[in-house]
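If you want the building blocks of each chain, they are given just below.
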Amino acid sequence: MSEAGDTPSKRYGSVIGLKPEKYQEYKVLHAAVWPRVLDRLTKSNIRNYTIYYDSINHMLFSHLEYIGSDFDKDMAAIADDPITKQWWAVCEPCQEPLKWSGPPPSQGGGGQGNTWWTPMEELFHDNHSAVKFL
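Notes on the structure follow. Just so we're clear, the structure is a prediction, and the values are computed from it rather than from any experiment. (Residues numbered from 1 in each chain as written. Predicted model: local features only at pLDDT ≥ 70, side-chain atom pairs only at ≥ 80, totals over all residues. Heavy atoms only, no water.)

Remarks on the overall build of the chain
Secondary structure summary: the chain contains four helices and five strands in total. Listing the helices and strands of the chain from first to last along the sequence gives β-α-α-β-β-α-α-β-β. Considering the chain as a whole, with its 134 residues, one finds that 29% of them fall into the buried category. For the chain, the computed accessible surface area is about 8800 Å², with 55% contributed by carbon and sulfur atoms. (Helix = DSSP H or I, 4+ residues; strand = E, 2+ residues; numbered from the N terminus. Buried < 20%, exposed > 50% of the residue type's maximum accessible area, 1.4 Å probe, protein only. Areas by Shrake-Rupley, 256 points an atom, 1.4 Å probe, with all protein chains shown as cover.)

Written out as structure tokens, the structure reads:
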């Protein structure tokens, strides 16, 4: 895939709860995400990964763009990465999944449909790429 954008990206959004008492800890963690975690995301074709916080409902909303051709393979590479698993183990105590059972992802848990972060359906996009406006 070309970095020039020959293949369109696919956008993904998801949500998870954030324990209110863990807000500051989570914010500090994400102000300094481990470089090897960021590197794994890049190698797995993730771009523009962003997390937003809703302070009223104590929810996190994530958005990412995927530029690869095998999403499942790239997600498996992230899930199999030992450094990413360590990062997840640090972050998981802050989070409250909406629908999950069993051990968390850092411990190899699969939950109900592997949805620690609950996927969201995209209902609208204006079909403009930000880079086209530069």
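Still more to cover.
A look at helix H4 (residues 82-91)
Along H4, the positions that sit buried rather than exposed are Ile83, Thr84, Trp87 and Cys91. Viewed along the axis of H4, the buried residues span an arc of 100°, placing them on a single side of the element. (Arc of directions from axis to C-beta.)

Notes on the pattern of salt bridges
Two side chains carrying opposite charge are able to pair once their charged atoms lie near each other. Applying the stated criterion to the full structure yields three salt bridges. Here Glu122 and Arg11 are joined by a salt bridge, their closest N and O atoms 2.7 Å apart. Of this pair, Glu122 sits in the segment after strand E5 (118-120) while Arg11 is found in strand E1 (residues 10-18), placing the two residues 111 residues apart along the sequence. Owing to a relative accessible area of 39%, Glu122 belongs among the partly exposed residues under this scheme. Between Lys43 and Asp39 there is a salt bridge, with the nearest N and O atoms lying 3.0 Å from each other. Placement of both Lys43 and Asp39 in helix H2 (residues 35-43) is noted, with a separation of four residues, approximately one turn of the helix. (Salt bridge = Lys/Arg side-chain N within 4 Å of Asp/Glu carboxyl O.)

Here we look at the packing of helix H3 (residues 71-80) against H4
Closest axis-to-axis distance for the H3/H4 pair is 5 Å, and the angle between their directions is 70°. Considering the angle they form, H3 stands roughly perpendicular to H4. Here Ile78, Ala79 and Asp80 of H3 lie close against H4, whose contacting residues are Pro82, Thr84, Lys85 and Trp88. When grouped by side-chain class, the residues that make up the contact of H3 with H4 number four nonpolar, one polar and two charged. (Axes fitted to C-alpha atoms, helices over the stretch in contact; angles between N-to-C directions. Parallel < 35°, antiparallel > 145°, perpendicular 65-115°, else oblique. Contact = heavy atoms within 4.5 Å. Nonpolar A, V, L, I, M, F, W, Y, C, P; charged D, E, K, R; others polar.)

Thoughts on the packing of helix H1 (residues 23-31) against H4
H4 packs onto H1 with a crossing angle of 155° between their chain directions and a minimal axis gap of 11 Å. As judged from the angle between their axes, H1 and H4 are roughly antiparallel. Every residue of H4 that contacts H1 at Glu25, Tyr26, Leu29 and His30 is listed here: Trp87, Val90 and Cys91. Class assignment for the residues of the contact of H1 with H4 results in five nonpolar, one polar and one charged.

Let's talk about the nonpolar core
In this structure, Tyr26, Leu60, Trp87 and Trp117 are the most contacted members of the largest nonpolar core, which totals 14 residues. Breaking this core down by element, the ones donating at least two residues are E1, H1 and H4. Apart from residues lying up to four places away in sequence, Leu60 is in contact with Ser14, Val15, Ile16, Leu18, Tyr26, Ile51, Tyr52, Tyr53 and Trp117. Residues Leu41, Ile46, Leu64 and Ile78 belong to the second largest nonpolar core, which totals five residues. (Core = buried A, V, L, I, M, F, W, Y, C linked by side-chain atoms within 4.5 Å.)

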